[in-house]
Amino acid sequence: MLFRRLVLYALLVGAVAGLVLTAVQFWQVIPIIQSAEVYEGEVAPPIQGGADHDHAGHDHEHDANAWTPQDGLERTGYTLLSNVLTAAGLGLVLLAAMVTAARSSTTTRIDWRHGLLWGASGYAVFWLSPALGLPPEIPGAAAASLEARQLWWLFAVVCSAAGLAGFAFGKSPWRWASLVLIVIPHLVGAPHPEVAMFADKPPEAAAELEKLARQFYGATAVANAVFWLVLGLTSTWAVRRIVMSNAIHD
Amino acid sequence: MQIHASVAAPVSATISKPLQIAGAFLLGIVILYAAGFVSTSAVHNAAHDMRHSQGFPCH
């Protein structure tokens, strides 16, 4: 059954890509998160006669008493689990798209170049496009309301996926026009807070956090590029096996 | 004694391939929603580091 094959291969592909992602993150992303968390509780003393900084836009609605994984092995374990789950979810979406493309394709050849192209497209759709408007944040940064950002994230992902798909699989000579879709979320603009990112922190902490935020952007860009490279190549291997088993046609 | 010429059709023949692919796609979306978007405190705290590094809006 095709559905069962897709789920099993997505779990396998997700486990490999999620493990690689966790290793890369552990080396260059997580240390930045931990450095930023040192400052997370710090708040600048109110400036006399100054603006009220209570509404920095960082709506921290999470319950402080809620369960949180212990720092160390437990926290790393949950990050690994989240990475593998996310990778399996992305793997299901990617495999479904690749198998759909293979069904309508006249050639049966699928090789590593397809893997690179699909991986690069996934990176562009699920990381680059949303990150251009909403750079990955370090803990403690002020941001617009969560709902507004989640909505824009979805908007950016759907538009860039539709734009790329229209360009790649459209039959009309005007198919390149669908690339315009990719630009639309960025013309609309991502939601941003009215205050500076670290307006509620003491000046020296804010300077340090801004440096960390820049490092974080670069570190996540590299980690996600490695992740999508692995996900694209392993998914290509999976699709080859699914196609060879002759399971994709009715 | 009559011998049945055919056994029951396998499940895969009863659900069309496009529908199975769509099912896999939707399952992927549901998993991504749970890992990246659900704001329940426990889920948020477990997935916190992944959300920050994968660029999902967090907090």
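Residues numbered from 1 in each chain as written. Chains lettered and ligands numbered in written order. Predicted model: local features only at pLDDT ≥ 70, side-chain atom pairs only at ≥ 80, totals over all residues.

When helices and strands are counted, chain B shows three helices and zero strands. Traced from its N-terminal end to its C-terminal end, chain B shows the element sequence α-α-α. Each of the 59 residues in chain B was classed as buried or not, and the buried ones make up 39%. (Helix = DSSP H or I, 4+ residues; strand = E, 2+ residues; numbered from the N terminus. Buried ≥ 20, exposed ≤ 12 C-beta atoms within 10 Å, placed from the backbone.)

What follows is about the overall build of chain A. Secondary structure assignment for chain A yields seven helices and zero strands. In chain A, the succession of helices and strands from N to C terminus is α-α-α-α-α-α-α. Dimensions of chain A along its principal axes, counting C-alpha atoms only, are 70 × 45 × 30 Å. Expressed as a percentage of the 250 residues in chain A, the buried residues total 40%. Excluding contacts between residues fewer than 6 apart, the proportion of contacts in chain A whose partners are at least 24 apart in sequence is 85%. (Contact = placed C-beta atoms within 7 Å.)

Residues Leu-6, Leu-92, Leu-95, Ala-96 and Leu-231 of chain A are the most contacted members of the largest nonpolar core, which totals 74 residues. For this core, the secondary structure elements donating two or more residues are α1 (2–28), α2 (30–40), α3 (73–104), α4 (112–133), α5 (146–169) and α7 (203–244) of chain A together with α2 (17–36) and α3 (41–54) of chain B. Per-element accounting of this core gives the leading share, 14 residues, to α3 of chain A. Split by domain, the residues of this core number at least three in each of domain 1 (1–40 + 72–134 + 202–250) and domain 2 (144–192) of chain A. (Core = buried A, V, L, I, M, F, W, Y, C linked by C-beta atoms within 7 Å. Domains from an automatic or database assignment.)

Residue and element names in this part refer to chain A. Each assigned domain of chain A is listed with its residue range as follows: domain 1 (1–40 + 72–134 + 202–250) and domain 2 (144–192). The distance between the C-alpha centroids of domain 1 and domain 2 comes to 19 Å. Facing 10 residues of domain 1, the contacting portion of domain 2 comprises 13 residues. Sorting elements by how many residues they give to the side of domain 1 that touches domain 2 places α4 first, with eight residues. For the side of domain 1 that touches domain 2, the per-class residue count stands at seven nonpolar, three polar and no charged. (Nonpolar A, V, L, I, M, F, W, Y, C, P; charged D, E, K, R; others polar.)

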